[in-house]
Amino acid sequence: MENRDDLNSILPYLPLVIRSSSLYWPPRVVEALKAMSEGPSHSRVDSGEVLRQAITDMRRSLSFSTLEPSASHGYALLFDELVGGKESKRWFDEIIPALAKLLLKFPSLLEEHYHSADSIVSGIETGLRLLDSQKSGIVFLCQELIGALLACSFFCLFPDDNRGAKHLPVINFDHLFATLYESYSESQESKIRCIMHYFERFGSCVPIGTVSFERKILPAEYHNSSTTAPDADFWSKSEFSLCAFKVHSFGLIEDQPDNALEVDFANKYLGGGSLSRGCVQEEIRFMINPELIAGMLFLPRMDDNEAIEVVGIERFSCYTGYASSFRFAGDFIDIKEKDPFQRRRTRIVAIDALCAPKMKHFKEICLLRDINKALCGFLNCSKSWQHQNMVIDEGDSGLRHTDTNTSHEALLNDVEMSREKPANNLVRDFYVEGVDCMDHEDDGVATGSWGCGVFGGDLELKATIQWLAASQTRRPFILYYTFGVEALQNLDQVTKWILSHKWTVGDLWNMMLEYSAQRLNKQTNLGFFSWLLPSLATTNKTIQRS
């Protein structure tokens, strides 16, 4: 174990120690966890106040700093005041002991993980490790191990004073509870109740499955050696056809029925404000699918040419509302089928939009930044690991994989032959290695107004940018959820008009560039769609007068 590079990269961010090729909790932590695992009659952990003290003691045993007073008060507030007596008793009688037992298994679960990591996909590293910036890679975690990681977060047992140097997001739950105490809101309580529900479900039945976390970097095939992403000339000359565009005025991305790639309107730090006071699109997704939080442990912030794709997460909670109106609304049973890797067929891609004053978004450099970010996120697969042959073991051990008998070159040739070739050589040279996943050939993109809230993006430009990126990556369609926003009332009409005129990616990009230049030069104050179709501007004025 000591010689594993993957383990050594993540060990400084774990609360475990390695000794004689085995992983261990420090003895005093084991003593505390064993007491809690036997219930409040042994541990005396029967209230939020006592739980706070137990967490403080375990952190002290690990030589960690003490929790902020507001975090300690947050645990007490939740379990001693906000949670009803019957529910609170269940937590201290059943859930806390179950989490303690899970944490006692954590070292052995992690050892099992590393023993099997080398055989998931032949020749591909999949073990838990720091997936550092500008290093593409994938990590496979079983759901039970993810549960143990989240239990560590609940008890605030991850070392936290060394994460900033690696640009890692917060991972312990102390900020979540501190915010509950410092500025109580029902939405913040509901966020915690989503996580509580996850642990309750986990305690009643340990989920069996796998989740993968992949750092994607825009492949070199998409840009020249002096840049990290395609330039304006690349986009201007693209002859790819625009994909289908389906507008949904109502509904939610996570409820889409078409097996599409679901966009997380992300912060560059994965999870954004999930573990503090944030409660918008990304944070809500992390609450109803808490397994996403595990990625915050080992995925540093994203650079402009990077995206993070997560496959296989299970949804546990229903909800209503958004931001301050967000409320936990009970149990959700996820019935998604699983792929050969035992991952649920739910694919989420985290891409962070540019955060800047509104007019800056019209600059060419900013348009390029966001379209290339979306391009990276929407690439079907930037690595060829999915093409490895698999032998499915019918027993409980899961998957066994063998080396492929088909040469990599032959695979790429097959992919090339199956594609519709663009007319111009510039675009043809940018096909991505392994871009066609083994079973994702029908995946579109489910998205919405990415980067258009506090990030200041223009609704119409961001919709166009995502359409261009999806088309360039050969996605067959976009499902665009407008959430009833009036400013996008003409989106369906405009996209149908563009498709009827058979515009290419290059055509639409060039029109967007021309419009943006006019906006910057104050030659127009129309929205992009009204500028494209002047009849829309007249119609909108008539509606406003009436």
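Small disclaimer: the values here were computed from a predicted structure and weren't measured.

Novice: Can you explain the pattern of salt bridges? Please cite residues and give values.
Specialist: Across all of its chains, the model carries 33 salt bridges by this definition. Between Asp370 and Lys462 there is a salt bridge, and its shortest N-O distance comes to 2.9 Å. With Asp370 in helix α12 (residues 364–378) and Lys462 in helix α15 (residues 459–472), this residue pair connects regions lying 92 residues apart in the sequence. By relative accessible area, which is 1% here, Asp370 ends up buried. Three or more residues joined by partner-sharing salt bridges are found here, namely Asp304, Asp352, Arg369, Asp370, Lys373 and Lys462.

Novice: Could you give an account of unusual backbone geometry, with specific residues and numbers?
Specialist: Notably, Gln134 is not glycine yet its phi reads approximately 65°, a positive angle. Of note, the phi angle at Cys156 is positive, near 55°, even though the residue is not glycine. For Cys156, the position within the fold is in the loop between α7 (143–154) and α8 (174–182).

Novice: Describe the nonpolar core, naming the residues involved and giving the relevant values.
Specialist: Formed by 95 residues in total, the largest nonpolar core has its most connected members in Leu51, Phe106, Phe154, Phe155, Phe199, Ile293 and Phe298. Element by element, the count of residues in this core is highest for helix α6 (residues 85–117), at twelve residues. Listed in part, the 60 residues of the second largest apolar core include Leu218, Ala229, Ala374 and Leu379.

Novice: An account of the environment of Pro300 is needed here, citing residue identities and associated values.
Specialist: Relative to the elements of secondary structure, Pro300 occurs in the loop between α11 (281–288) and β7 (306–311). For the pair Pro300 and Tyr269, spaced 31 residues apart in sequence, the C-alpha separation works out to 6.8 Å. The residues contacting Pro300, other than those within four sequence positions of it, are Leu130, Leu131, Asp132, Lys166, His167, Leu168 and Arg215.

Novice: Outline the pairing of strand β9 (residues 327–331), listing residues and values.
Specialist: Examined bridge by bridge, strand β8 (residues 317–320) and β9 share three bridges and lie antiparallel to one another. The residue of β9 that forms the bridge with Tyr319 is Phe328. The antiparallel hairpin formed by β8 and β9 contains six residues in its connecting segment, where Gly321 sits at a positive phi of about 80°.

Novice: Go over the sheet that holds strand β5 (residues 244–248) with me, naming the residues and quoting the values.
Specialist: An order of β3-β4-β7-β10-β6-β13-β14-β5 is seen for the eight strands of this open sheet, with the pairing classed as mixed. Either end of the sheet is taken by a strand with one partner, and the two such strands are β3 (137–142) and β5. In this sheet, neighbouring strand axes are inclined to one another by 20° on average, regardless of whether the strands run parallel or antiparallel. The pairing of strand β13 (residues 445–447) with strand β14 (residues 477–481) spans three bridges and is classified as parallel. Bridge pairing in β14 places Val445 opposite Ile478.

Novice: Which residues make up the confidence of the model for the protein, and what values do they have?
Specialist: Residues at a pLDDT of 70 or more form 86% of the protein, whose mean pLDDT is 88. Scored below 50 in pLDDT, residues 382–440 shows 122 contacts in the model against residues more than four places distant or in partner chains. In the model, residues 542–546 has pLDDT below 50 throughout and makes zero contacts with residues more than four positions away in sequence or in other chains.

Novice: Would you mind going over the packing of aromatic side chains in detail, with residue names and values included?
Specialist: Overall, the coordinates contain 26 aromatic pairs when judged by the stated rule. Ring centres of Trp25 and Phe106 lie 6.0 Å apart, and the angle between their planes is 50°; on these two criteria the pair is classed as tilted. Placement of the pair is Trp25 in the loop between β2 (22–24) and α2 (27–37) and Phe106 in helix α6, with a sequence separation of 81 residues. Comparing Trp25 with Phe106, the two get one shared label, buried. Relative to Trp503, the ring of Trp497 has its centre 5.5 Å away and its plane inclined at 80°; by these criteria the two rings are edge-to-face. For Trp497, a relative accessible area of 29% puts it in the partly exposed group.

The rules behind these values
- Residues numbered from 1 in each chain as written.
- Predicted model: local features only at pLDDT ≥ 70, side-chain atom pairs only at ≥ 80, totals over all residues.
- Heavy atoms only, no water.
- Salt bridge = Lys/Arg side-chain N within 4 Å of Asp/Glu carboxyl O.
- Helix = DSSP H or I, 4+ residues; strand = E, 2+ residues; numbered from the N terminus.
- Buried < 20%, exposed > 50% of the residue type's maximum accessible area, 1.4 Å probe, protein only.
- Core = buried A, V, L, I, M, F, W, Y, C linked by side-chain atoms within 4.5 Å.
- Contact = heavy atoms within 4.5 Å.
- Pairing = 2+ DSSP bridges.
- Axes fitted to C-alpha atoms, helices over the stretch in contact; angles between N-to-C directions.
- pLDDT = per-residue confidence, 0-100.
- Phe/Tyr/Trp six-rings, centres within 6.5 Å; stacked < 30°, edge-to-face > 60°.

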